[in-house]
2 protein chains.
Amino acid sequence: MTDPKATTPDRRPGGRTARIRAQVLAAVRAELAESGHEGLTMEGVATRAGVHRATVYRRWGDVGGLLVDVIDAAGEIDWHPPDTGSLRGDLTALNEEIQESLVVRPSFAVALMAASFHSERAARAQSRLWEDRYAQCEIVVTRAGDRGELPAAGRTDARAVLMSATSPVYHHVVLLRADPDPQLPERAATAAALAAEAGAFSARVGG
Amino acid sequence: MTDPKATTPDRRPGGRTARIRAQVLAAVRAELAESGHEGLTMEGVATRAGVHRATVYRRWGDVGGLLVDVIDAAGEIDWHPPDTGSLRGDLTALNEEIQESLVVRPSFAVALMAASFHSERAARAQSRLWEDRYAQCEIVVTRAGDRGELPAAGRTDARAVLMSATSPVYHHVVLLRADPDPQLPERAATAAALAAEAGAFSARVGG
């Protein structure tokens, strides 16, 4: 076993296994965006990907397996939160990125949310992805604290600031299905930053 | 045509038509909460309601018609926003009511949101209902202004305050599928109230 390539599939980036996965996941994204998770079939994905059906079944098992992998793949992207120099700027940039992903038609992000209402596995994968993304974004609040933008007394709850800033964007577009409001990313970010500066998300000392 | 009752169904509250509607919509809510919109069928609803299948078909047409009517019925409830004497108190009470409707198992509210991802008619009915509810709640912000809780300069955007207060609760429970956080209703309400007091939702004079 000195040469793992002799016994395991080639999983190097750019290798055959990685290439097939990339083709299949691109097909899943395209099918999801076009026809939603209800139109997602193993056959449709295999055909679009130009990959043998048996390969797709063997590697992903079923449509739930495809959904989980496409969500996991989104978490593997080398993404970094914005770093604009101010809390308000960072939250605005983050919200603009979120709104863009939600209003683009067809939206892969919205299709995934719809799918996760119907697949417990997809829902769990999506929760993990969101958890990772919010954890990554906490640095935005940490940096604001380091710059002196937040109250010195009591640690600011980074997660609460991020939720306050971003949730109106999801709510407006995904749940209320309202027309996208180009002002909303900045307005929601500004409100969250002001609330943070006013101590709304600070753990009270001794409280 | 001097006596409309002679030629039209009896639509008085408590009349036969109203009674059948109440039975059918109660059955729709129960079926939705138990098995989601995917398990909703005209036959299942008729059986559970104890109403003749033909009546359900004639009056509601299809499952989409049932969904629209159950959403419209939610809008007919004589609901009033909380009036606790402070903006923070009102928003907290509103958020607690929202969280309660989302975390109860099975949740009719969550089942409706899932359904609206798959029925354009249900989605439109739900948007109308939400629009009405947010419009009804604007009085909460108006009263806060009258009590002097909001900046005197520049009108406060009531809708933006309400969205900022309520959206974290939906986001946390419905989209992130996180365990309900008993502190969240008050924390999100407090953050929105502080942001409003700090002028985050005020239209700038001349701006």
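Anyway, here's the lowdown on the structure attached to this text. All figures in this text were calculated on a predicted structure; none of them were measured in a lab.

1. Details of the relation of the copies chain A and chain B
Expressed as a screw operation, the relation of chain A to chain B combines 0.0 Å of axial shift with a rotation of 180°, fitting to an RMSD of 0.0 Å. Here the two chains are linked by the operation of a two-fold rotation axis. Ranked by how close their C-alpha atoms come to the rotation axis, the residues of chain A are headed by Ala 195 of chain A, at 2.3 Å. Both copies share a contact surface, since 100% of the interface residues of chain A are interface residues in chain B too.

2. Description of unusual backbone geometry
One non-glycine residue, Arg 177 of chain A, lies in positive phi territory at about 55°. With respect to the helices and strands, the residue Arg 177 of chain A is situated in the loop between helix H8 (158-175) and helix H9 (184-197).

3. Digging into the environment of Leu 32 of chain B
Residues and elements named next belong to chain B. Mapped onto the elements, Leu 32 comes out in helix H1 (residues 16-35). Residue classification places Leu 32 among the buried positions, given a relative accessible area of 1%. Spatially, the C-alpha atoms of Leu 32 and Ala 109 are 9.4 Å apart, while their sequence positions differ by 77 residues. Among residues more than four places away in sequence, those in contact with Leu 32 are His 37, Leu 40, Leu 67, Phe 108, Ala 111 and Leu 112.

4. Quick word on the interface of chain A and chain B
Each partner contributes to the interface: chain A provides 35 residues, whereas chain B provides 35 residues. Buried area between chain A and chain B, both sides added, is near 3000 Å², and the carbon and sulfur share of it is 70%. The three residues of chain A that bury the most area against chain B are Phe 117, Leu 175 and Arg 177 of chain A, which together make up 22% of that side's buried surface. Our count for the chain A to chain B interface comes out at zero salt bridges. Counting across the chain A and chain B interface gives seven residue pairs in polar contact (both at pLDDT 80 or more).

Each value, and the rule that gives it
Residues numbered from 1 in each chain as written. Chains lettered and ligands numbered in written order. Predicted model: local features only at pLDDT ≥ 70, side-chain atom pairs only at ≥ 80, totals over all residues. Heavy atoms only, no water. Least-squares fit on C-alpha atoms with pLDDT ≥ 70 in both. Contact = heavy atoms within 4.5 Å. Helix = DSSP H or I, 4+ residues; strand = E, 2+ residues; numbered from the N terminus. Buried < 20%, exposed > 50% of the residue type's maximum accessible area, 1.4 Å probe, protein only. Buried area = accessible area lost by both parts, 1.4 Å probe. Salt bridge = Lys/Arg side-chain N within 4 Å of Asp/Glu carboxyl O. Polar contact = N/O pair within 3.5 Å; in protein donor to acceptor, adjacent residues only side chain to side chain.

These results come straight from atomic positions and should not be treated as a statement about function.
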